[in-house]
Amino acid sequence: MDRRDVLKGMAGAAAMSVAPAALAQAAKGRQRNILLLISDDQGLDLGCYGVPIRTPRLDRFAREGTRFTQAYAAVSSCSPSRAVINTGLYTHQNGMYGLQHDVHNQSLLPGIETLPSLLRAAGYATALVGKKHVGPDSAFPYEAELVPERSGIRDVRELAIATSSFIRSTDDRPFFVTVAYSDPHRAAVDYGNDRRWPDVEPVVYDPRKVPIPSHLPDLPAVRADLAEYYEALSRLDSGVGMILDDLAATGRTDDTLVIFLSDNGRPFPGAKTNLYDPGLHLPLIVRAPGAAPAVNDAMVSWVDVAPTVLEWAGVAPPSAYKLSGGSLLPLLGKHDDPSRDAIFASHDFHEINQYYPMRAIRTRTHSYILNLASPLDYPIAGDVGGSPSWKAISADPSIPIGKRTQAAYLKRDAEELYDLARDPDELVNVAADPAYASIKAALAERLHAVRAETKDPWLAGQTDPYAHVGKH
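Rules of the game
Residues numbered from 1 in each chain as written. Predicted model: local features only at pLDDT ≥ 70, side-chain atom pairs only at ≥ 80, totals over all residues. Heavy atoms only, no water. Helix = DSSP H or I, 4+ residues; strand = E, 2+ residues; numbered from the N terminus. Rg over C-alpha atoms; globule rule 2.2 N^0.38 Å. Buried < 20%, exposed > 50% of the residue type's maximum accessible area, 1.4 Å probe, protein only. Contact = heavy atoms within 4.5 Å. Areas by Shrake-Rupley, 256 points an atom, 1.4 Å probe, with all protein chains shown as cover. Phe/Tyr/Trp six-rings, centres within 6.5 Å; stacked < 30°, edge-to-face > 60°. Lys NZ or Arg CZ within 6 Å of the ring centre and 35° of its normal. Salt bridge = Lys/Arg side-chain N within 4 Å of Asp/Glu carboxyl O. Pairing = 2+ DSSP bridges. Expected span 1.5 Å × (residues − 1). Axes fitted to C-alpha atoms, helices over the stretch in contact; angles between N-to-C directions. 1 Å grid on protein atoms, 1.4 Å probe; cavity = no way out; pocket = protein on both sides within 12 Å on 5 of 7 lines; lining within 4 Å. Points joined across faces, edges and corners; volume = space filled by probe spheres on them. Nonpolar A, V, L, I, M, F, W, Y, C, P; charged D, E, K, R; others polar.

1. Digging into the overall build of the protein chain
Part 1: Broken down by element type, the protein chain carries 14 helices and 12 strands.
Part 2: Over its C-alpha atoms the protein chain spans a radius of gyration of 21 Å, differing by no more than 12% from the 23 Å that the globule rule assigns to 472 residues.
Part 3: Taken along its principal axes, the extent of the C-alpha atoms in the protein chain is 65 × 60 × 45 Å.
Part 4: Expressed as a percentage of the 472 residues in the protein chain, the buried residues total 60%.
Part 5: Sequence separation of at least 24 residues holds for 73% of the intrachain contacts in the protein chain that already meet a minimum separation of 6.
Part 6: Roughly 18000 Å² of accessible area belongs to the protein chain as shown, and the carbon and sulfur atoms make up 54% of that amount.

2. Some details on the packing of aromatic side chains
Part 1: Across all of its chains, the model carries nine aromatic pairs by this definition.
Part 2: With a centroid separation of 5.1 Å and 50° between ring planes, the pair formed by Phe349 and Tyr355 is classed as tilted.
Part 3: With relative accessibility at 16%, the residue Phe349 sits in the buried group.
Part 4: Each member of the aromatic cluster is reached from another via a ring pair, and the members are Tyr191, Tyr205, Tyr229, Tyr230 and Phe268.
Part 5: We note Arg32 situated over the ring of Trp312; from NZ or CZ to the ring centre the distance is 4.5 Å.

3. Examining the environment of Leu233
Part 1: Relative to the assigned elements, Leu233 resides in helix α8 (residues 220–249).
Part 2: In the structure, Leu233 is positioned 180 residues away from Ile53 in sequence and 8.6 Å away in space, judged by C-alpha atoms.
Part 3: When residues no more than four places from it in sequence are discounted, the contact partners of Leu233 are Gln42, Asp45, Ile53, Thr55 and Pro184.

4. Details of the pattern of salt bridges
Part 1: A complete count under the given rule lists 34 salt bridges for this structure.
Part 2: A salt bridge links Arg446 to Asp341; the nearest nitrogen and oxygen atoms lie 2.9 Å apart. Here Arg446 is found in helix α14 (residues 437–453), whereas its partner Asp341 is found in the loop between α10 (305–313) and β9 (342–347), with 105 residues between them in sequence.
Part 3: With a relative accessible area of 35%, Arg446 lands in the partly exposed category.

5. A word on the pairing of β9
Part 1: Along β9, six of the six residues are buried, which leaves the element largely enclosed by surrounding structure.
Part 2: Residues Ala342, Phe344 and Ser346 of β9 are buried on one face, and the alternating residues Ile343, Ala345 and His347, pointing to the opposite face, are buried as well.
Part 3: Of the pairings in the sheet, the one linking β9 to strand β10 (residues 358–363) comprises six bridges and is antiparallel in character. Counted as the bridge partner of Phe344 is Ile361 from β10.

6. Looking at the pairing of strand β1 (residues 33–39)
Regular strands show a simple pattern: their side chains alternate between the two faces of the sheet.
Part 1: With seven of seven residues buried, β1 is to be regarded as a mostly interior element.
Part 2: On β1, burial covers both faces: Asn33, Leu35, Leu37 and Ser39 on one face and Ile34, Leu36 and Ile38 on the other are all buried.
Part 3: Sheet topology note: the β1/strand β5 (residues 175–180) ladder contains five bridges and is parallel. Bridge pairing in β5 places Leu35 opposite Val177.

7. Some remarks on α8
Part 1: The end-to-end C-alpha distance of α8 is 44 Å, a good match for the 44 Å that 30 residues give at a rise of 1.5 Å each.
Part 2: Gly251 lies just past α8 and shows a positive phi near 75°.

8. Section: the sheet that holds strand β11 (residues 366–371)
Part 1: The four strands lie next to each other as β9-β10-β11-β12, forming an open sheet whose pairing is antiparallel. Whereas interior strands pair on both sides, the edge strands pair on one side only; in this sheet they are β9 and β12 (415–419). The sheet shows a mean angle of 10° between the axes of neighbouring strands, taken without regard to direction.

9. Some thoughts on empty space enclosed by the protein
Part 1: Enumeration over the complete set of coordinates arrives at five cavities of 30 Å³ or more.
Part 2: By volume, the largest cavity is sized at about 110 Å³.
Part 3: Taken together, 15 residues line the largest cavity, and the ones lying closest to its centre are Val147, Ile153, Asp155, Leu159 and Ser182.
Part 4: Considered class by class, the residues forming the lining of the largest cavity number seven nonpolar, two polar and six charged.
Part 5: Reported here for the second largest cavity is a volume of approximately 70 Å³.
Part 6: Ile38, Arg82, Asn86, Leu128, Lys131, Lys132, Val134, Tyr142, Thr178 and Ala180 are the residues that line the second largest cavity.
Part 7: For the lining of the second largest cavity, the secondary-structure elements that each account for two or more residues are α4 (78–87) and β5.
Part 8: Each residue belonging to the lining of the second largest cavity can be placed in one class, and the counts come to five nonpolar, two polar and three charged.

The following block contains the structure:
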């Protein structure tokens, strides 16, 4: 099959809209810079989201920008999620089906364009600071790749210095800089909390007092694990503050779009790699010159990030295919958009031996998940499987994963439907309940339409290995 035909078949939910007048006026005569800050394996855990941990700099940033309360990753796995952010396409569209690094060896399909390729071609100075985990390199032609990820190294000051140095060196060119943190991803030892890091005052959490998410059991090992995770989040907060302070010091705050988000859910059972709420529901804060601070309840997705950046930069999206998201700029400074009433998610692999394809649609009231290989056991990501939390839980099959039994977690029905108003923890599968038949049918139809529109290779009839030889 001709690659152009595949790309032309990729359809999106919305094309980019015209930038709001206030934002256009604010940036008139100025550069339109972009700073994209990505945390690693962070759930909806910030003070500004109601979690009692110390994140003062991000909380302040949230008060200055638009904090989205219903923002969702399109996949809860590192490389696939970063590919979604950079392409505006779902993982089943862009080809990054699983992890990129090491033996997993996943990468974008030929012909897929990314933010660094599009913006560099438009004259932007482009840099990646920190973690990459996407490929191939040819699809991510950053002008500079600084402070590459190193195992166990969580020096947020080094990331801040590299970021600020690059921004100061861009002269008269606009910049697009992605800062990809390793925090709060697990490290070989205690999330990197085993040493002091320059210019960071550690925030140490008492395991006896840490908040426990509803998808985890109250066990000593889980509490201790969470305490280390929250410490890594407070360190991340310090690092973000360093970058934002220097952005202000260089006078670039008034011409820079700043986006902060996480790639996927926290690295605990029930979150990371799952299409349940803890795996997908994540922080998103966007600050743009000219946009008033706001808390916005619209349902938005990581497929919306690339259209947002391109609209802000005034750079056209790829011509060969449509993006699957829509710009968030019209939502900045506002409190909702009733038309944004659903998000879609897809998952295929995490590690290469962890095949478990899923598709999902979430609305404000219901969650519907298709487990396309439901006879298989649900796989546990390697870093989660090696965690103190999972070891303590799996040591006794009677210990629940939050309120869900281990048996139900590991062996899932082909269809899952949850009434989020009555069951926010997604515990009671009502897919077979006649009372929900019409709701299930409507969600299934809507999900099927998106899969067909986006040429999902896991949907029957979407692939034909002999198309290139013609029909006879």
